[in-house]
Amino acid sequence: MNTPIEIAGATVSPDHFINGKRVASADTFELHSPIDQALLGRISEGRPEHVEAAIQAAEAAFPAWSALSAAERKPYLDRFAEEIGKRAETLCQVESRDAGVLLSRMRHGVVPRAMLNISWFAEHALDLQNRPIETEQAQHLVRHAPAGVVVIITPWNAPLMLSTWKLGPALAAGNTCILKPPEWAPLSCSLLADAAQAAGLPPGVFNVVQGAGATTGAQLVADPRLARVSFTGSVPTAKLIAQAAGANLVPCSLELGGKSPFIVLEDADIDNAARTGALMYRNAGQVCLAGTRFLVHERVAEAFTAAMKAQVEQLKVGDPREESTEVGPIIHPRQVGRVAGFVERAVAGGAKLLWGGQRHAFGAQYFQPTMVSGLKQSDEIVQNEVFGPVLTLQTFADDEQLIAMANGTDYGLGGVCYGETGHATAVAERVRTGFIWINSFGIRDLAAPFGGIKRSGVGREGGDWSFEFFCDVKDIVVPK
Ligand code: NAD
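Quick caveat: nothing in here was measured; it's all calculated off a predicted structure.

1. As for the overall build of the chain
Scanning the chain from terminus to terminus reveals 15 helices and 24 strands. By the compact-globule yardstick of 23 Å for 480 residues, the chain fits well, its C-alpha radius of gyration being 23 Å. Looking at the chain residue by residue over its 480 residues, the buried ones come to 55%. Excluding contacts between residues fewer than 6 apart, the proportion of contacts in the chain whose partners are at least 24 apart in sequence is 70%.

2. Quick notes on the pairing of strand 9 (residues 149–153)
Across the five residues that make up strand 9, a large majority, five, are buried. Residue alternation in strand 9 divides its side chains into two sets, Val149, Val151 and Ile153 and Val150 and Ile152, and both sets are buried. Two strands pair when backbone bridges link them, and strand 9 and strand 10 (residues 176–180) are joined in this way by five bridges, in the parallel orientation. Bridging across to strand 10, Val151 finds its partner in Ile178. The parallel pair strand 9 and strand 10 is bridged by helix 5 (residues 159–172), and the resulting crossover is right-handed. Pairing of strand 9 with strand 12 (residues 228–232), which is carried by four bridges, proceeds in the parallel orientation. Counterpart to Val150 in the pairing with strand 12 is Arg228.

3. Regarding the nonpolar core
If you look at the biggest cluster of nonpolar residues, it comprises 150 residues, and the most contacted ones within it are Phe80, Cys177, Ile178, Ile263 and Val264. At ten residues, the largest contribution of residues to this core is made by helix 4 (residues 103–124). For Ile178, the contacting residues outside a window of four places in its chain are Ala54, Ile55, Ala58, Val149, Val151, Asn207, Val209 and Leu220.

4. Concerning the UniProt feature "active site" (unreviewed entry) in the chain
Under the UniProt annotation, "active site" (unreviewed entry) lies at Glu255. Along the chain, Glu255 turns up in strand 13 (residues 252–255). Apart from the residues within four sequence positions on either side, Glu255 is in contact with Thr232, Gly451, Gly452, Gly457 and Glu461.

5. Quick look at the sheet that holds strand 24 (residues 471–479)
If you walk across this open sheet you meet the three strands as 7-8-24, and the pairing is antiparallel. Each end of this open sheet is capped by a strand with a single partner; those strands are strand 7 (133–134) and strand 24. In the sheet, strand 8 (residues 138–146) pairs with strand 24 via nine bridges, with the strands oriented antiparallel. Opposite Arg143, over in strand 24, you have Lys474 as the bridge partner.

6. With respect to the site of the ligand
The environment of the ligand is made up of 32 residues, and the closest members are Pro155, Gly213, Gly217, Gly233 and Thr237. Of all the secondary-structure elements, those providing two or more residues to the shell around the ligand are helix 7 (213–221) and helix 8 (235–247). Broken down by element, the residue count for the shell around the ligand peaks at five residues, all from helix 7. Classifying every residue of the shell around the ligand gives 16 nonpolar, twelve polar and four charged. Lining the shell around the ligand are residues from two domains, each supplying at least three of them: domain 1 (5–257 + 456–476) and domain 2 (261–438).

7. Focus on the packing of helix 3 (residues 88–99) against helix 4
Contact pair helix 3 / helix 4: the axes reach a minimum separation of 9 Å and the direction vectors enclose 130°. Accordingly, the angle class assigned to the pair helix 3 and helix 4 is oblique. Crossing handedness for the pair helix 3 and helix 4: right-handed. Each of Ala88, Leu91, Cys92, Glu95 and Ser96 in helix 3 lies in contact with helix 4, whose residues at this interface are Leu103, Met106, Arg107 and Val111. Of the residues belonging to the contact of helix 3 with helix 4, the class tally is six nonpolar, one polar and two charged.

Parameters at a glance
- Residues numbered from 1 in each chain as written.
- Predicted model: local features only at pLDDT ≥ 70, side-chain atom pairs only at ≥ 80, totals over all residues.
- Helix = DSSP H or I, 4+ residues; strand = E, 2+ residues; numbered from the N terminus.
- Rg over C-alpha atoms; globule rule 2.2 N^0.38 Å.
- Buried ≥ 20, exposed ≤ 12 C-beta atoms within 10 Å, placed from the backbone.
- Contact = placed C-beta atoms within 7 Å.
- Pairing = 2+ DSSP bridges.
- Right-handed = clockwise from strand over helix to strand, strands pointing away.
- Core = buried A, V, L, I, M, F, W, Y, C linked by C-beta atoms within 7 Å.
- UniProt positions renumbered as here; feature names shortened; annotations may be inferred.
- Near = placed C-beta within 6 Å.
- Nonpolar A, V, L, I, M, F, W, Y, C, P; charged D, E, K, R; others polar.
- Domains from an automatic or database assignment.
- Axes fitted to C-alpha atoms, helices over the stretch in contact; angles between N-to-C directions.
- Parallel < 35°, antiparallel > 145°, perpendicular 65-115°, else oblique.
- Left-handed = near helix turned anticlockwise from the far one by under 90°.

Right, here's the structure in full:
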C-alpha cells in the first residue's frame, strides 16, 4: 500500500480499488493542491496489469450483478448513497483541497447531488422493463438489458459529481464499472470506493483505477472487452477516446467543453442578469456549463456592464475551504499559464479589459475575474474554451445579429438568456445548444436531458437518456 493521504483529519487511499480490494502500484505520481501547491501525497499510477485486473474483475462480477432485478440492486445502491452521505464532510474537505472546488458548493450542491445521482437512478431503473408497446398485431416487450463492462472517465473540475452522475445509471442498469478519476484531482473518487465497499457492493462491480489519461486512460478505453465508454472532458481527449472505442465499435458518450452564450436582451432585468453574470466566475470559471460569452444588446450594454462590474467587485476571491469564498484557484500551474495567454493575446490584438486581466495576488494559481470586450467573432478568445475566470462581452443590434453570434462557434453546450420571458424563449428556440436557461442559471433535474451538440458532445445523459446509453435495448415481439 502507498502512504495514505491525510486531509482535514480524514485518511484517503492513494491506491486503486480492484475486485473489492485496495491494490497499490509501485509507480506513483505526485498530487499537489491548487490552493497553495502543497504536496498532498503520491497516487498509484495504473499500469497494464492494473487495467487488466480491473477488466477481469468487472467481467467476472457482471453475470451475477446483471442477473439481479433492478429491485434487488436498489438496496445496494441506496446503501451506497447512504455511505456517501456518511462521508459528506470528508468528501467536501478532500475535493476542496485537491481540486480547489468551493467548500460551499460541495456542501450545499455537490455532495447532496452525488447521493441523489446514485439513489435516483436506482429508483428509476425500477420501471425500465415495464414499457410495452401495444399494436393491433402484437405486443412489443421492450427490454433494457445491461450492456456489460463500462469504463467511466471524468475531469478534474467536478470529479465527485460527474463520476456519480455516470455510476448511478450504469450500476442501476446492471453494468459493472471501472472508474478512471482525473489525475489532477483523484481523491474524492477514491473515497467513493470506500463508500461502495462499506455499502457491500459485490467485489468487481465498481472498480477504480488511478493514473494519467494518456497511459492508464488510453489503455482502458482501447480494450475490446468493454461494452460502453462514458467520458466527460475536453474535445481533444474525446477525439482520442472516440477513435479507440470506434476501433472496437464500442459506443461512447461524450460530454465536452462549452463556449456558451450569456444573452442579455434589451428587455432584460439588468440587475438580475448582472447578479447571475457574476456567478459565472464561481469555481474560477472552471464550469463546463457556465455562460462565458456575454452577448448584450447595444442599448443596455453600458448599464449592464456597470451593474455586473459592481457585482464582480463584491466577489470574494480566496481559499475555497472557507464557506464564504466565491472564486477559488485554477487547478494547475499549466492551466494558469493557458488562461493568462488567452488574455495577453486578446489585449495584444486590440481587445479591451473591462475588469481584471492579471494574476490575482491571493496565490500563484489565482487569476482575477476578467471581462474582455472589443472583440471580433473570429477572435480565439471568442471561439475557444478558456476554462478559467475569463469572460468575453460583445454587443448586438438586433435578434438576427444575436443569433448569428450565439451560434457562431464550434461549441453548442448550453446558454443563458435574460429578457422578457416570451422574447427570451423565442430566442432560445433558435440558439443551437443542448440546453438553455431563461432568466436563471443552473436549474437541473435528473430526469431532464443533458448534453451538447457540435463539438460539445455526442449523446445525452439524464433520466431515460442515461439508461438508453448504458443498456442494450431489445424488442421481444409477441403476436396477438
Ligand atoms: P481532459 O480531457 O484533459 O481529461 C478528462 C479525463 O480524461 C481525465 O480523467 C484524463 O485523465 C482522461 N484522459 C486524458 N487523455 C486520455 C486518453 N487518451 N484516453 C483516455 N482518457 C484520457 O479534460 P480536463 O481538462 O480534465 O477537464 C476539462 C474539460 O472537461 C473542459 O473542456 C470542460 O468543459 C469539460 N467538461 C465538460 C462537462 C460536460 O458535462 N459537458 C463537464 C465538466 C467538464
